[in-house]
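# Residue-level structure breakdown
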Amino acid sequence: GAKWTYDGPQGQDHWSERYPYCGGALQSPIDFESDLLRFDPTLRPIEVQNYKLSPNEQLTLGNNGHSVQLSLSPMMSISSLHNRYTAAQLHFHWGSASRPAGSEHTVNNKQYAAELHVVHYNSDKYPNISTAVDKSDGLAVLGVLVEVGMFNPAFEHILKFINGIKYRDQKVKVPGFNIRALLPTRLDEYYRYDGSLTTPPCYPSVLWTVFRNPITISRKQFLTLATALYSSNAQDSAPMPLNNNYRKTQPVDSRLILVSFKE
Ligand SMILES: NS(=O)(=O)c1c(F)c(F)c(S(=O)(=O)CCO)c(N[C@H]2CCCc3ccccc32)c1F
Ligand SMILES: [Zn+2]
């Protein structure tokens, strides 16, 4: 992708110089501060389709210099929203070995170790994600907060291949697995708000659903994620570790943050 980073001269405080939307309204991520939350009884449990992929299905796991991303089957979708949103990819944001705090969304300013995003586009209205990415009703992202705790077997389907994509633009083929196992048990408790891509070009095109309950990965799994990858190419003389790839929380302004749960 284009040259932007999370820190330094092309870091997030400078994104708006080249990507105007990054300095605009409806930006993500945000802090879910208790006083700003409003219970909405019309928020239905999230329903996903075809998330249980066959191991015969081949997915592409890649290092795009900003994150580790996994391509997803176009059979996968969210079916409980007003339009059908078809899955495109999932990726992660994380902290570092010395600071296991790298989630993008925070809860009363508590930052979790990492965050998983499953990116979908409105396939009722748009033919592909590239067309949908800058439309106000274009994208729906499911966010899952990740904390260090119990070992997570589902996470191994990604971590066991991570040494094949250590450097930017490296890709490997991996067998499909049950992506539903990466989501929390309860899909009925979540935060909901209108926001944006959390990377340039920061289009305000995302219907955000962040589940209330985190998933866990073990400390060893977290350290693997936080130390395995570089944002630089394999041939670069100075390897740049890929970590702390999270955007700081953005102003909520007059936005409503809805919740599907009470207390
Ligand atoms: N946090 S976030 O806002 O969900 C988020 C990221 F943080 C993130 F790094 C990516 S990226 O890996 O593509 C690198 C920079 O765009 C995306 N890509 C999305 C939106 C851009 C176009 C596109 C095209 C195909 C598949 C996915 C995507 C992203 F949506
Ligand atoms: Zn993301």
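Described in the following lines is the structure provided in the data block.

Reading the values: rules and limits
Residues numbered from 1 in each chain as written. Chains lettered and ligands numbered in written order. Predicted model: local features only at pLDDT ≥ 70, side-chain atom pairs only at ≥ 80, totals over all residues. Heavy atoms only, no water. Buried < 20%, exposed > 50% of the residue type's maximum accessible area, 1.4 Å probe, protein only. Helix = DSSP H or I, 4+ residues; strand = E, 2+ residues; numbered from the N terminus. Pairing = 2+ DSSP bridges. Core = buried A, V, L, I, M, F, W, Y, C linked by side-chain atoms within 4.5 Å. Contact = heavy atoms within 4.5 Å. Near = heavy atom within 4 Å. Polar contact = N/O pair within 3.5 Å; in protein donor to acceptor, adjacent residues only side chain to side chain. Areas by Shrake-Rupley, 256 points an atom, 1.4 Å probe, with all protein chains shown as cover. Donors = N, O, S within 2.8 Å, 3.2 Å for Na, K, Ca; no water. Tetrahedral: all angles 85-135°; square planar, octahedral: opposite > 155°, others 65-115°.

## Remarks on the pairing of strand 10 (residues 114–122)
- The element strand 10 is extensively covered by neighbouring structure, given that 9 of its 9 residues are classed as buried.
- A two-sided burial pattern is seen for strand 10, the buried positions comprising A114, L116, V118, H120 and N122 on one face and E115, H117, V119 and Y121 on the other.
- As defined by bridge partners, strand 7 (residues 85–94) adjoins strand 10 across 9 bridges and the pair is classed as antiparallel. Note that in strand 10 the partner of Q89 across the bridge is V119.

## Describing the nonpolar core
- Ranked by size, the top nonpolar core spans 49 residues in total, and within it L70, L90, W94, I179 and L182 carry the most contacts.
- Of all the secondary-structure elements, those providing two or more residues to this core are strand 4 (58–63), strand 5 (68–71), strand 7, strand 10, strand 11 (139–148), helix 3 (153–159), strand 15 (215–217) and helix 4 (219–228).
- Counting residues per element, this core draws most heavily on strand 7, which supplies 5 residues.
- Setting aside chain neighbours within four positions, we find L90 in contact with V68, Q69, L70, L72, L116, H117, V118, I158, I179 and L182.
- If you look at the next biggest cluster of nonpolar residues, it comprises 21 residues, including I30, Y121, A132 and I257.

## Quick notes on the site of ligand 1
- The local shell around ligand 1 holds 14 residues, among which N64, Q69, H93, T198 and T199 are the closest.
- For ligand 1, an oxygen atom lies 3.1 Å from a polar atom in the side chain of Q69.
- H93 places a polar side-chain atom, nitrogen or oxygen, 3.3 Å from a nitrogen atom of ligand 1.
- When ligand 1 is considered free in solution it has 560 Å² of accessible area, and contact with the protein chains removes 82% of it.
- Broken down by secondary-structure element, the contributors of at least two residues to the shell around ligand 1 are strand 7 and strand 10.

## Topic: unusual backbone geometry
- Between S28 and P29 the backbone carries a cis peptide bond, its omega angle lying at 0°.
- Within the secondary structure layout, P29 lies in the loop between helix 1 (15–18) and strand 1 (31–32).
- Going from P200 to P201, the amide bond is cis rather than trans, its omega being 10°.
- Tracing the backbone through its elements, the reader meets P201 in the loop between strand 13 (190–195) and strand 14 (206–211).

## So, the coordination of the zinc ion (ligand 2)
- Taken together, the protein donors to the zinc ion (ligand 2) comprise H91 (NE2), H93 (NE2) and H117 (ND1), at separations of 2.0 Å.
- Taken together, the 4 donor atoms coordinating the zinc ion (ligand 2) span angles of 99 to 116° at the metal, a pattern that classifies the geometry as tetrahedral.
- The sequence pattern describing where the donors of the zinc ion (ligand 2) fall on their chain is H-x1-H-x23-H. Taken together, the positions of H93 in strand 7 and H117 in strand 10 put the pair 24 residues apart, joining distant regions of the chain.
- In this structure H93 comes out as buried when scored by relative accessible area, which is 1%.

All we've got here are geometric facts, nothing functional implied.
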